[in-house]
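Given next are the chains, with one letter for each unit.
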Amino acid sequence: MKKIASTSDPLWYKDAIIYELHVRAFADSNNDGIGDLPGLMSRLEYLKDLGITCIWLLPFFPSPLRDDGYDISNYTDVHPAYGTLGDFKAFLDAAHLRGLQVMIELVVNHTSDQHPWFKAARQAPPGSAERNMYVWSDSEEKYKDARIIFTDTEKSNWTWDDTAKAYYWHRFFSHQPDLNYDSPLVMEEMLKAMRFWLDMGVDALRLDAIPYLCERDGTSCENLPETHAAVKTLRSAIDAGYANRLILAEANQWPADVRPYFGDGDECQMAFHFPLMPRIYMALRQEDRLPITDIMAQTPPIPDNCQWALFLRNHDELTLEMVTNDERDYMYFAYSADPRMRINVGIRRRLAPLVDNNRRRIELLNSLLLSFPGTPILYYGDEIGMGDNIYLGDRNGVRTPMQWTSDRNAGFSKCDPARLYLPVVMDPIYGYQVVNVEAQLSDQSSLLHWTRNMIALRKLFQVFGRGTLTFLNPSNRKILAYLRELNQGDGFRETVLCVANLSRFAQPVTLDLADYAGCEPVEMLGYVRFPTVTRDPYVLTLAPYSFIWLELQVASAVEEMPVD
Ligand code: NOJ
Ligand code: CA
């Protein structure tokens, strides 16, 4: 008997709205300055009211926390600062009770150097099974075609280990040795860890850093056939024992290289669309739709049971790895005036500061996130327009405590402010005194209310998560116009026209909607009827940075609606 997830729809992830958060950053229940699982539990109603349907938790496992928990020292327990396994189970049940799915991390590529497997490996004789759980070499020459990812901290993918008297391989920090997927023991252990959480009822797993599982000389050591074989093994173990679960590939690659992570529908059901994200920002800054339409044209079709994961920001830097050199220069110029805003190959800022706290630009970007084909992922705090702190090290500037109220420590914790895991944002624009949940809940025109309304609207139309995408080609390139269509063949049909003005000035546009002549467009936020579509060009005028979503209804459906 397969163990079923908390939802009965095997394609639930296609209609999901995912909310990414770190337990440490969300709410502190015992006032030690560190967010914890009981704290998170106490905020579940907030998330439910926001309308999100799936919570993605960043790593909460035992860890020295030198990479915010992506450096794991035990895969099947909870970091004591965040609570206990019992607390996790209680959180999971409470989330499920509210109809929320839960996604956690499966950090498959590497462990902490403090993991018992690594401690044993460095002591074990060369060639032994224990030693071979990691990747060793006598020289740094091996795999030299592999790029370095953390360019600001690491000079090599090899680090000398004096105990082992050999180099070990790591694609990220030197304290994160890569596991060796040529060793059957590694897959066995990873399957054990995976089953541990799936048995408990976790709905989804994000597979961290998945392109780097296997290494072969003379290659970039990314996306190798052996790596895909390993992903297929994980997936078939899930399919054998569980139903309605999801695995999400974190593969920061070009669309053509991400496509194989969907396999024939037998690898990951979802994968992040990394190249789309910077191009959304580029299109906005250039006031030109081309970067978006261009990358979408390069995006191959994916199997029916699969889905793209879309995001504007996350816990890492806004990565600029999947852009050309010219595009990267442009992005740095446009979005990181202060060199402190840059890290590795990217920009460490939150959504609101990236767009100069311009409400219309925030809304416009979110409208794209919510209406492009795929499942949107919101990063905690962006729903209230939280700011960042570029003076904190690494990527910590975008990982500060959630701002709940204007009270001490933003209502996140009652501890001595000096004890907080990171300081709360306190500047006059984004500081917690101004930007917080409590204030925005009581302000009907806040970003929080707007976000909630948009999520609710999106959830009413399955077309957003499941429909096709067709770009229109109006001559005004400052306008991005596209149709989302879902025709399920059983009479169920949804057609939505989305039009976005990427410019800071008002723009006219004429659209060729001849194929939809006779349709009655209805503006979806206000349920306002627009002029009937004819075979003639359809004319719209859009205010600066505005967008409009029109449902194209067949004439009979709106017969009863009054026209002003
Ligand atoms: C990807 C994660 O998103 C990032 O935060 C982490 O530093 C690397 N994997 C390495 O673990
Ligand atoms: Ca705590």
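Residues numbered from 1 in each chain as written. Chains lettered and ligands numbered in written order. Predicted model: local features only at pLDDT ≥ 70, side-chain atom pairs only at ≥ 80, totals over all residues. Heavy atoms only, no water.

As for helix α13 (residues 359-371)
The periodicity of an α-helix, 3.6 residues per turn, causes residues three or four positions apart to be oriented the same way.
Working step 1: With 13 residues, α13 extends 18 Å between its outermost C-alpha atoms, agreeing within 8% with the 18 Å of an ideal straight helix rising 1.5 Å per residue.
Working step 2: Across the 13 residues of α13, 11 count as buried, placing the element largely inside the fold.
Working step 3: By the burial criterion, the buried members of α13 are R361, I362, E363, L364, L365, N366, S367, L368, L369, L370 and S371.
Working step 4: Looking at where α13 begins, the residue whose side-chain oxygen comes 2.9 Å from the main-chain nitrogen of R360 is N358. (Helix = DSSP H or I, 4+ residues; strand = E, 2+ residues; numbered from the N terminus. Expected span 1.5 Å × (residues − 1). Buried < 20%, exposed > 50% of the residue type's maximum accessible area, 1.4 Å probe, protein only. Polar contact = N/O pair within 3.5 Å; in protein donor to acceptor, adjacent residues only side chain to side chain.)

Remarks on the domain arrangement of the protein chain
Working step 1: Here the protein chain is described as being made up of domain 1 (3-109 + 180-458), domain 2 (116-169) and domain 3 (467-557).
Working step 2: Taken over C-alpha atoms, the centre of domain 2 sits 55 Å from the centre of domain 3. (Domains from an automatic or database assignment.)

Description of the side chain of S367
Working step 1: Mapped onto the elements of the fold, S367 is located in helix α13.
Working step 2: Those residues in contact with S367, other than ones at most four positions away along the chain, are W450, Y482, F547 and W549. (Contact = heavy atoms within 4.5 Å.)

Describing the packing of aromatic side chains
Working step 1: Here the structure, examined in full by the defined rule, presents 39 aromatic pairs.
Working step 2: Relative to W197, the ring of F60 has its centre 5.5 Å away and its plane inclined at 85°; by these criteria the two rings are edge-to-face. Of this pair, F60 sits in the loop between β3 (54-57) and α4 (85-97) while W197 sits in helix α6 (residues 184-200), and the two are 137 residues apart along the sequence.
Working step 3: On the numbers, 5.7 Å between centres and 55° between planes, the contact of F547 with W549 is tilted.
Working step 4: Among the residues examined, F547 registers a relative accessible area of 17% and is labelled buried.
Working step 5: Take W549: its relative accessible area is 2%, and that puts it in the buried class.
Working step 6: A cation sits over an aromatic face here: R350 above Y380, 4.7 Å from the ring centre. (Phe/Tyr/Trp six-rings, centres within 6.5 Å; stacked < 30°, edge-to-face > 60°. Lys NZ or Arg CZ within 6 Å of the ring centre and 35° of its normal.)

Here we look at the sheet that holds strand β13 (residues 318-319)
Working step 1: With respect to topology, 3 strands assemble into an open sheet ordered β13-β15-β14, the strand pairing being antiparallel. Since the sheet does not close on itself, it has two edges, and those belong to β13 and β14 (342-343), each with one partner.
Working step 2: Across 2 bridges, β14 lies against strand β15 (residues 346-347) in antiparallel orientation. Its bridge partner lying in β15, R342 is registered against I347. (Pairing = 2+ DSSP bridges.)

Concerning unusual backbone geometry
Working step 1: Of note in the backbone geometry, K165 takes a positive phi value of approximately 55° without being a glycine.
Working step 2: Mapped onto the elements of the fold, K165 is located in the loop between β6 (158-161) and β7 (166-169).
Working step 3: With a phi close to 60°, N223 is a non-glycine residue in the positive phi region.
Working step 4: Structurally, the position occupied by N223 is in the loop between β8 (204-207) and α7 (225-241).

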